Amino acid sequence: MDPTTATPGPAVPAGTTPAAGPPAPAPHRPARRAVLRTAFTTTLVAGTAGALAPVLLKDPGTPDRGARRSQAPERFSETYRGRHIRGTATAVVPAGVHPGAAAASTTTAADVTIDGRPLHVMRRADGSYLSEVNHYESFPTLLETARAAVDELGTARLAPTTPHTI
Amino acid sequence: MYSRKNQSDLTRTEKKRLVDAILQLKRSGRYDEFVSLHRQYYVTDADRRPRAAHMTPSFFPWHRRYLLEFEKALQTVDAGVTVPYWDWTRDNTPAASLWAEDFLGGNGRAGDRQVMTGPFAYARGDWPIRTGITDDRFLRRDLGRPSAPVTLPTKADVDRALSDPVYDTAPWNSVSTTGFRNRIEGWGIRGSRGVANHNRVHRWIGGSMAGAASPDDPVFWLHHAYIDLLWTRWQKAHPRARYLPDRSLAADDPQRGRVFALDDPMPPWDVKPSQLMDHTRLYRYV
């Protein structure tokens, strides 16, 4: 069959997980989590967001920044443009990993809400965050991610879906 | 063999046939399956899973096949319809005919960003958004994001990407600083460059196109047809260059098992990038 020809019918039902991959098996998340659970771990929780610079609506030509902050766990709760945004990130650093090592060495549990509704957040390899509202740019901190989502939403509200944790 | 045209060259009738075919796919539920598929394959490079579609060398071939699937679906409705491309370096203002009442409709209104004109306006009843990012079921746009202005990429931006002689480079993800693929995909890189080309266009449109369910806005297909055309132009400009990585990565490479080399079959179609290098038997750009 000509591989460039579209196959009839829906390719994959919504909600299933992409299973196929390149030949080498990737490590499975559960295995990784199990390793982290059994290893000695250090949990870091940040204080207030007061130290975070209010960089958000930057010139599109300006490179993303914030390397020094991207690893820092956060906790914030504020009103931004009339919307209540909250966020908590908890970084779990496996023992023996240098704090300056790549973001991939650190797992982060992130919870962000806007007016009480969950904002689905993902991460990039450099440790920055992107949300389901801003999928084509990333931000050094969860606070900036939440503010950017408010800016993009205008007065629209997030859907009341199940909270997501990365 | 068929042609994909510049959207600015479409006749009134061609626009209407395309819009009607899109609306028919929406009514049948197939359109929303395409939206879900794109969302499902949005795997980021911090995630230790295979990623075929974004932040990855197979960004171009994955989306080429995705567009072919969509185009075939359109053609089941109207065999004469193809996906046109939007050259955003030329038709680069909200006044472009792309956004007119008789084609994709205009900008979102202030406040909730709801698109109020054209065939995809919520009030027409033909375009309910079901993907569930927001409470509201209307298409959203915020062209140029006036609250913090974004401009569309220029011809110079595109030419800079086209002049890179290497397809892609390690670490084969969103922080690859050189290589045609990430220069066009356009991830901002700290200390190096800002959001560019493909990503920047999603941002310029804003609203639905900025988010996880970006194909909810039909302009998605016209944008990606132009991205597909740029890949073809790059291949012509660098005839000896190859898709990279051209073989499976070494066992100790952290991206092994996560990115798709030239002959690694990509889900969900089980098609190799090598099988999507040449589209000229199927369609051509005019």
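Residues numbered from 1 in each chain as written. Chains lettered and ligands numbered in written order. Predicted model: local features only at pLDDT ≥ 70, side-chain atom pairs only at ≥ 80, totals over all residues. Heavy atoms only, no water.

Moving on, we come to the overall build of chain A. Along the backbone of chain A there are 3 helices and 7 strands. Burial statistics for chain A: of 166 residues in total, 43% are counted as buried. Taking all contacts inside chain A whose residues are at least 6 apart in sequence as the whole, residues at least 24 apart take part in 60%. As displayed, chain A has an accessible area near 7,800 Å², and 60% of this comes from carbon and sulfur atoms. (Helix = DSSP H or I, 4+ residues; strand = E, 2+ residues; numbered from the N terminus. Buried < 20%, exposed > 50% of the residue type's maximum accessible area, 1.4 Å probe, protein only. Contact = heavy atoms within 4.5 Å. Areas by Shrake-Rupley, 256 points an atom, 1.4 Å probe, with all protein chains shown as cover.)

Each helix and strand counted, chain B has 7 helices and 2 strands in total. When the helices and strands of chain B are placed in sequence order, the string is β-α-α-α-α-α-α-α-β. Against the 2.2 N^0.38 benchmark of 19 Å for 286 residues, chain B shows a C-alpha radius of gyration of 18 Å, consistent with a compact globule. Overall, the C-alpha framework of chain B stretches about 55 × 45 × 35 Å when taken along its three principal axes. For chain B, buried positions account for 63% of its 286 residues. Summarising the internal contacts of chain B: among those between residues at least 6 apart in sequence, 65% fall at separations of at least 24. Taken together, the 43 basic and 34 acidic charged side chains of chain B have centroids lying 2 Å from each other. (Rg over C-alpha atoms; globule rule 2.2 N^0.38 Å. Lys, Arg positive; Asp, Glu negative; His and termini not counted. Charge placed at Lys NZ, Arg CZ, Asp CG, Glu CD.)

A few words on unusual backbone geometry. Only a minority of non-glycine residues have a phi that is not negative, and only a minority of peptide bonds are not trans. Residue and element names in this part refer to chain B. A cis amide bond, omega 5°, links A170 with the succeeding residue P171. Note on placement: P171 falls in the loop between α4 (155-162) and α5 (180-185). A cis amide bond links L244 to the next residue, P245, at an omega of 0°. Of note, R113 is a non-glycine position whose phi angle comes to about 70°, a positive value. Relative to the helices and strands, R113 resides in the loop between α3 (59-77) and α4. Judged by relative accessible area, which is 12%, R113 ranks as buried. Located in the positive-phi region is D270, a residue other than glycine, with phi close to 60°.

What follows is about helix α1 (residues 12-28) of chain B. Residues and elements named next belong to chain B. Its 17 residues give α1 an end-to-end C-alpha distance of 25 Å, which sits within 8% of 24 Å, the value for a rise of 1.5 Å per residue. Listed as buried for α1 are K15, L18, V19, A21, I22, L23, L25 and K26. Here the buried face of α1 lies against α2 (30-40) and α3. Looking one or two residues beyond α1, the residue adopting positive phi is G29, at roughly 90°. (Expected span 1.5 Å × (residues − 1).)

Further remarks concern the pattern of salt bridges. Residues and elements named next belong to chain B. As enumerated under the stated definition, the model contains 31 salt bridges over all chains in all. Between R64 and D228 there is a salt bridge, with its nearest N and O atoms 2.7 Å apart. Of this pair, R64 sits in helix α3 while D228 sits in helix α7 (residues 219-237), and the two are 164 residues apart along the sequence. Accessibility expressed as a relative area gives 3% for D228, which makes it buried. A salt bridge links R109 to D112, with the nearest nitrogen and oxygen atoms 2.9 Å apart. On the basis of relative accessible area, R109 is assigned to the partly exposed category, the value being 39%. (Salt bridge = Lys/Arg side-chain N within 4 Å of Asp/Glu carboxyl O.)

Residue and element names in this part refer to chain B. For the pair α3 and α7, the least separation of the axes is 10 Å and the interaxial angle reads 130°. In terms of orientation, α3 lies oblique with respect to α7. For the element pair α3 and α7, the recorded crossing hand is left-handed. Here F59, F60, P61, H63, R64, Y66, L67 and F70 of α3 come into contact with α7, specifically with F220, W221, H224, A225, I227, D228, W231 and T232. Each residue belonging to the contact of α3 with α7 can be placed in one class, and the counts come to 11 nonpolar, 3 polar and 2 charged. (Axes fitted to C-alpha atoms, helices over the stretch in contact; angles between N-to-C directions. Parallel < 35°, antiparallel > 145°, perpendicular 65-115°, else oblique. Left-handed = near helix turned anticlockwise from the far one by under 90°. Nonpolar A, V, L, I, M, F, W, Y, C, P; charged D, E, K, R; others polar.)

Attention now goes to the packing of aromatic side chains. Residues and elements named next belong to chain B. Applying the stated criterion across every chain yields a total of 31 aromatic pairs over all chains. Judged by centre distance (5.0 Å) and plane angle (40°), the ring pair of Y66 and W221 falls under tilted. Residue Y66 is found in helix α3, and its partner W221 is found in helix α7; the two are separated by 155 residues along the sequence. The residues Y66 and W221 share a single accessibility class, namely buried. Stacked on the ring of Y283, the Lys or Arg R4 has its end atom at 3.7 Å from the ring centre. (Phe/Tyr/Trp six-rings, centres within 6.5 Å; stacked < 30°, edge-to-face > 60°. Lys NZ or Arg CZ within 6 Å of the ring centre and 35° of its normal.)

All right, on to α3 of chain B then. Compared with an ideal rise of 1.5 Å per residue, which puts 19 residues at 27 Å, α3 of chain B spans 28 Å between its outermost C-alpha atoms and is within 8% of the ideal. For α3 of chain B, a buried count of 15 out of 19 residues is recorded, marking the element as mostly surrounded by other parts of the structure.

Let us now look at the environment of R4 of chain B. All names here are of chain B. Relative to the assigned elements, R4 resides in strand β1 (residues 2-4). Linking R4 and T82, residues 78 residues apart in sequence, is a C-alpha distance of 5.9 Å. A distance of 2.8 Å separates polar atoms of two side chains, one belonging to R4 and the other to Y285. (Polar contact = N/O pair within 3.5 Å; in protein donor to acceptor, adjacent residues only side chain to side chain.)

Turning our eyes to something else, we now look at the confidence of the model for chain A. Residues and elements named next belong to chain A. Per-residue pLDDT for chain A has a mean of 64; in total, 42% of the residues score no lower than 70. Within chain A, the element-level pLDDT minimum falls on strand β1 (residues 41-45), averaging 33, and the maximum on strand β2 (residues 75-80), averaging 97. Per-residue pLDDT stays below 50 along residues 23-70; that stretch engages in 99 contacts with residues further than four places along the chain or on separate chains. When the criterion is pLDDT under 50, residues 100-105 qualifies, and its contacts beyond four places in sequence or with other chains add up to 11 contacts. (pLDDT = per-residue confidence, 0-100.)

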